[in-house]
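# Overview (structure and organization)
Read off the chains here:
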Amino acid sequence: MTGLLGALLPAVPLVAGLLGLLLPPAPRRDSATGGDRARTVAVTLGVAGAAGALALAVALLLTVDGPTETSTTWVDFGGLAVTLGVRLDGAAALVAVAVTAVALAVQVYSIGYLRRGPHDDVDVDHRYPPYAAQISLFTGAMLLVVVAGDLIMLLVGWEVMGFCSYLLIAHDRRLAGAPAAAMKAFLVTRVGDVGFLLGIALLGVSTGSFRIADVLAHDHSGATLTAAGLLLLAGVAGKSAQFPLHTWLPDAMAGPTPISALIHAATMVAAGVYAVARLYPLFTAAPVTLTVLGVLGAITLLLGALAATAQDDIKRVLAWSTVSQLGYMTGALAVGSPSAALFHLLTHAAFKALLFLAAGAVIHAVGTTLMSEMGGLRRSMPVTFWCTVVGLGALAGVPPLAGFWSKDGVLTVAESAALEGTGPAPSWVGWIVWIAGLVGVAVTAWYAGRLLLRAFFGTPRLPLVQPHDPPAVLRWPVLLLAVPAALLGLAGFVGVFADRLRFPTVPVAGSEDGLVHLGPGVLLPLAFLLFGAALVTLGWRRDQAADPAAALGPLRPVFASAFRLDDVQRTLVVRPVRALARAACTSDEVVVDGAVEGSGRAASGLGAGLAALHRAALPRAAAGVLAGALLIGLAAALVGVNR
């Protein structure tokens, strides 16, 4: 029964998505009724697929009591087997519940969000049937990654997610930046996926099978593990937006806000962290890979937090915060605690989905994404305000909200790895993760407070706009997500919950005796939290009309451009590649095509010359024949004399 539930889990939303793609993509101009019918069917398929998947995930969570695996051989390439099957445990069930819950909230929220609002000049209900179908496919692909028992199956879900993200980010092609952002997300993640594919191939060839259980049980050489681990981390850096392949995630905000919630909370960015946790014994056997992951995680953590401090677009603030929070997750993996990483993944899914959907409600009411044009929304949008307070509090780590417990778990294991050397990587990796995490707490509190003050406090900066809380179809998903954002962290005190977040194949570090930690070590992160919150509050009180980011001075444009890493990539990668492409094109056109076309022109010219000789007048032709005969006779005479 458990294996059947695991197989049905990704199948239900995938089938719903495939059926949804059969619907007409847009209402016919001559039939509003037909368009409404297609939209109704699309809504039904999308919501039913997500709800069915959530019910299966909950049933799986209740029934799975230990590692379960079912598989059957799909194809055998001369002893290299690819299997179809599922690999289930408590951690997979919990992640599946988080994915399906957010997907259902996004499907319901989109019903109201993609309707024409008071500030829409055009119909935003554009191509809704393929939109809902692609969300279902996106959800099914992520669930396939969660339950896959074979690396090739995992790779299929991994790549389908990338394709769906491209389609959904570019959903409204009328927006100037959407197609370019979608292409950037697709190409940047593909760069990492090349390494991910090669890493899977290396492990499969070394094992003789792509089945995850076989790969984990096989005795790989140290060189193979190190090479495969580093290649896999390239794919993780792309999907989970780790430095230096993080640049696609903020630009992906050009897509619809519900899609931002789906990508940031439940699908793409969670896939890389989950994949590392799934294959964690391979990484612990090659500490170099965890060292690289720890360094990248610390850089990503600080880079995302600092970039968030200077953004004016509310969605880009949340996007950079996602980059930073992913650094906490990968940092926890680097210091030896996949349980802490997955715990923060779950709480982050709750409060980040809440924040994006609340931001969507604000954008829907105000008609802009810029915080400089907001202000004073606390009174006119009280429900959205309090939900945003819960989400930002969880993001910053305010006790007793969910983010406090999960972030403190990451910092505790990093401190233990730094001071006691309990992690699989060198102790200095624990130091950089711990220090970066503490600094990130202060910076996160600062930019979270800035967002709250700029959007909801002060005086309205668009007095002609009359904002209000969203209608029920938008409001209820936000309210329901506020519950886990506030309370999910308390589940860490429950032993059954903590046990389910541990993979049976992953050795438990000495510092990993629980998900939550109450002790003197909690005071240090709280001190950093209070420092960041006090700093932004004092700056705002001096001048409530001014942006607290003005205090950054000359650093503000540097942070706003995320240290100009996009420009660096364009200079070091994009321009050389384009120059190489132009050189290859010119070489092909001038050298290869020139040789072929030149030989053709030469043959044509020679043929034309010979044809002209053959068309000569009779006297000239007779003279030519006589001259030729004379030359032949002369040659024969000379040959005879020489003999």
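Everything below is about the structure printed above this text.
None of the values given here were measured: they were computed from a predicted structure.

In this fold, Thr2 is placed in helix 1 (residues 2–20). Those residues in contact with Thr2 that sit more than four places away from it in its chain are Leu60, Thr63, Val64, Thr68 and Leu88.

Between its first and last C-alpha, helix 14 (residues 314–334) extends 31 Å over 21 residues, near the 30 Å set by a 1.5 Å rise per residue. The element helix 14 is extensively covered by neighbouring structure, given that 20 of its 21 residues are classed as buried. For helix 14, the N-terminal capping position is held by Asp313, with its side-chain oxygen 2.9 Å away from the main-chain nitrogen of Lys315. One or two residues past the end of helix 14 sits Gly336, with phi positive at roughly 105°.

All told, the structure shown has 16 salt bridges when counted by the stated rule. Taking the shortest distance from any N to any O, the salt bridge between Asp566 and Lys184 comes out at 2.7 Å. On the criterion of sequence distance, the pair formed by Asp566 in helix 24 (residues 565–614) and Lys184 in helix 6 (residues 178–207) is long-range, its members being 382 residues apart. For Asp566, a relative accessible area of 22% gives the class partly exposed.

Our next topic: the packing of helix 6 against helix 8 (residues 222–239). When two helices pack together, their arrangement is given by the angle between the helix axes and the distance between those axes. Here helix 6 crosses helix 8 at 150°, and the two axes come no closer than 7 Å. With respect to helix 8, the element helix 6 is oriented roughly antiparallel. By crossing handedness, the relation of helix 6 to helix 8 is classed as left-handed. Residue-level inspection shows Thr189, Arg190, Gly192, Asp193, Gly195, Phe196, Leu198, Gly199, Ile200, Leu202, Leu203 and Ser206 of helix 6 in contact with helix 8, the latter providing Thr224, Ala227, Ala228, Leu231, Leu232, Ala234, Gly235, Gly238 and Lys239.

Thresholds, definitions, all that
Residues numbered from 1 in each chain as written. Predicted model: local features only at pLDDT ≥ 70, side-chain atom pairs only at ≥ 80, totals over all residues. Heavy atoms only, no water. Helix = DSSP H or I, 4+ residues; strand = E, 2+ residues; numbered from the N terminus. Contact = heavy atoms within 4.5 Å. Expected span 1.5 Å × (residues − 1). Buried < 20%, exposed > 50% of the residue type's maximum accessible area, 1.4 Å probe, protein only. Polar contact = N/O pair within 3.5 Å; in protein donor to acceptor, adjacent residues only side chain to side chain. Salt bridge = Lys/Arg side-chain N within 4 Å of Asp/Glu carboxyl O. Axes fitted to C-alpha atoms, helices over the stretch in contact; angles between N-to-C directions. Parallel < 35°, antiparallel > 145°, perpendicular 65-115°, else oblique. Left-handed = near helix turned anticlockwise from the far one by under 90°.

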